[in-house]
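As a plain string of letters, each chain reads:
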Amino acid sequence: MFQKGLKNIVAVQTHIASVDGDSGTLQYRGVPVAQAIHSRSFEELAFFMWEGRFLARDELEQFTGQFNYHRELPEHIQQLIRLLPAELPLMDGLRTTISAYSTDIFNRLPGREQAIALTAAMPAIIASLYRQKHGLRPIPSNTDLGHTANFLWLLTGILPKQVHIDALGTYLKLTMEHGMNASTFAARVTISTESDLTAAVTSALGTMKGPLHGGAPSGVIDLLEEIAVPDHIRSVVLNKLQQGAKIMGFGHRIYRTADPRSVLLREKCLELQAHDPWLDLAVQAEEEITELLAEHKPGRQLHTNVEFYAAAVMRAIQLPPELFTPVFSAARSVGWCAHALEQLEDNVIFRPQSEYIGS
Ligand SMILES: CC(C)(COP(=O)(O)OP(=O)(O)OC[C@H]1O[C@@H](n2cnc3c(N)ncnc32)[C@H](O)[C@@H]1OP(=O)(O)O)[C@@H](O)C(=O)NCCC(=O)NCCS
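Residues numbered from 1 in each chain as written. Predicted model: local features only at pLDDT ≥ 70, side-chain atom pairs only at ≥ 80, totals over all residues. Heavy atoms only, no water.

## Regarding helix α15 (residues 306-316)
At step 1: When you tally the buried positions in α15, you get ten out of eleven residues, the bulk of the element.
At step 2: Taken as a whole, α15 has its buried residues at Val306, Glu307, Phe308, Tyr309, Ala310, Ala311, Ala312, Val313, Met314 and Ala316.
At step 3: The N-capping residue of α15, defined by a side-chain oxygen 2.9 Å from the backbone nitrogen of Glu307, is Asn305.
At step 4: Of the residues trailing α15, Gln318 is marked for its positive phi of about 65°. (Buried < 20%, exposed > 50% of the residue type's maximum accessible area, 1.4 Å probe, protein only. Helix = DSSP H or I, 4+ residues; strand = E, 2+ residues; numbered from the N terminus. Polar contact = N/O pair within 3.5 Å; in protein donor to acceptor, adjacent residues only side chain to side chain.)

## A few points about the side chain of Thr304
At step 1: Assignment of secondary structure puts Thr304 in the loop between α14 (277-296) and α15.
At step 2: A polar atom in the side chain of Thr304 sits 3.0 Å from the side chain of Ser262.
At step 3: One polar contact links Thr304 to Glu286, side chain to side chain, over a distance of 3.1 Å.
At step 4: Sequence-distant contacts of Thr304, defined by excluding residues within four places in its chain, comprise Gly249, Phe250, Asp259, Ser262 and Glu286. (Contact = heavy atoms within 4.5 Å.)

## As for the packing of aromatic side chains
At step 1: Applying the stated criterion to the full structure yields ten aromatic pairs.
At step 2: Between Phe42 and Phe67 the ring centres are 6.5 Å apart and the planes differ by 85°, which places this aromatic pair in the edge-to-face class. Of this pair, Phe42 sits in helix α2 (residues 42-51) while Phe67 sits in helix α3 (residues 57-71); the two residues are 25 residues apart in sequence, bridging distant segments of the chain.
At step 3: By relative accessible area, which is 2% here, Phe42 ends up buried.
At step 4: The class of Phe67 is buried, set by a relative accessible area of 1%.
At step 5: A ring pair is formed by Tyr101 and Phe106, whose centres lie 5.7 Å apart and whose planes are at 70°; its orientation type is edge-to-face.
At step 6: Among the aromatic side chains, those forming a connected cluster through ring pairs are Phe42, Phe47, Trp50, Phe63 and Phe67.
At step 7: Over the aromatic face of Phe54 sits the side chain of Arg40, whose NZ or CZ is 3.6 Å from the ring centroid. (Phe/Tyr/Trp six-rings, centres within 6.5 Å; stacked < 30°, edge-to-face > 60°. Lys NZ or Arg CZ within 6 Å of the ring centre and 35° of its normal.)

## Some points on the pattern of salt bridges
At step 1: Tallied over the entire structure, the rule returns twelve salt bridges.
At step 2: The closest approach of N and O atoms between Asp92 and Lys209, which form a salt bridge, is 2.9 Å. Linking Asp92 in helix α5 (residues 90-99) with Lys209 in the loop between α10 (197-208) and α11 (216-227), this pair joins segments that are 117 residues apart in sequence.
At step 3: For Lys209, a relative accessible area of 37% corresponds to the partly exposed category.
At step 4: For Arg108, the salt bridge identified is with Glu113, shortest N-O distance 3.9 Å.
At step 5: Through salt bridges with shared partners, one network takes in Asp92, Arg95 and Lys209. (Salt bridge = Lys/Arg side-chain N within 4 Å of Asp/Glu carboxyl O.)

## Structural notes on the UniProt feature "active site" (unreviewed entry) in the chain
At step 1: Those places that UniProt annotates as "active site" (unreviewed entry) correspond, in this numbering, to His252 and Glu307. The largest pairwise C-alpha distance within this set of annotated residues, which runs over 56 residues, is 10.3 Å, so the set is compact in three dimensions.
At step 2: For His252, the contacting residues outside a window of four places in its chain are His178, Asp259, Arg261 and Asn305.
At step 3: Within polar-contact distance, the side chain of His252 engages the backbone nitrogen of Tyr255 at 3.3 Å.
At step 4: The residue Glu307 is located in helix α15 in this model.
At step 5: Look at Glu307 and you get buried, because its relative accessible area is 5%. (UniProt positions renumbered as here; feature names shortened; annotations may be inferred.)

## With respect to the site of the ligand
At step 1: In the neighbourhood of the ligand, 19 residues make up the surrounding shell, with Ile247, Gly249, Phe250, Arg253 and Arg300 lying closest.
At step 2: Contact between the ligand and Lys297: an oxygen atom at 3.0 Å from a side-chain N or O atom of the residue.
At step 3: Take Asn305: an N or O atom from its side chain is 2.9 Å from an oxygen atom of the ligand.
At step 4: Its residues assigned to classes, the shell around the ligand comprises eight nonpolar, five polar and six charged. (Near = heavy atom within 4 Å. Nonpolar A, V, L, I, M, F, W, Y, C, P; charged D, E, K, R; others polar.)

The following block contains the structure:
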């Protein structure tokens, strides 16, 4: 049987996350996402995703210590970053740098420490690439800060405000895993050949770059900037629909109701910046565009996806659009590694069939 885009085909059985598109629910290892992320750091939640249990109190220090250790980039990675041209898009730089990432722990079979190393290195790589692109020197990690706060520190060199750490932390935790999305599937396909974890994450990064997956939040900013004032929402969106264009930040392959991550991020945005005109525009645009899509695409159930409010959070914490997809990747690294390791527990190489329809 052929199904374009493998739509509705179950390609994998997993214990990591369940995404119910009809009820709009997301669970991480059986725990509703709102509950799983509440009062937990990025590192604690990553451990849960990789190991299927929460850290015991006496394990926390050692685990976060491993994260801190792997924030320091190996010398050959720092050299490689310095060689990359400033005009290279950040996602290309990130994919190239991760593909070269190795240390002695990568001489073994894929395991949790490699997952920590790749996930912990990603913010440092992104920040170094970003700063180099803008003529700034890389900043060493701040050992007093956790993963999320240190990410902001590495980018800006300024001690971040707690509200900004919370907002970015919410985004990173909400997007670290989401079932069989395209990039996670790419990671599983790669590791299923018994390739290595670095190769699996590199494949995932190449897949994440596309605008139909990880590239959407900057498209949302473009859309809202084009709209500019609430009075233009209708005309801008109708014009796009008439040209057959997709409205960025709306629609989802799985969710047929509001994306639960978008709902939680919307709450965080409203907490962050009451009465911010740009945020008010986003809230009003969500309402009007949902109505327009219902009118022009009846029965398709098109609502905001996580990218819509992700764009708003990033904008509120003053991260520029060029960082959106790299930051999303830094979060999703947790899910990619979790799935790659799960694939190896009971591996069969992915090798679907193609149907020849040529002459
Ligand atoms: C995410 C996405 C790729 C899911 O695609 P999908 O499940 O394959 O859904 P389809 O592309 O088959 O869409 C079904 C119908 O809804 C329409 N549709 C879906 N998303 C739409 C959008 N954002 N704007 C306008 N129409 C949309 C399609 O044109 C199609 O209409 P048709 O039946 O008249 O051909 C798609 O909704 C999209 O491109 N959204 C915009 C990009 C985006 O926000 N990506 C981030 C995802 S987290």
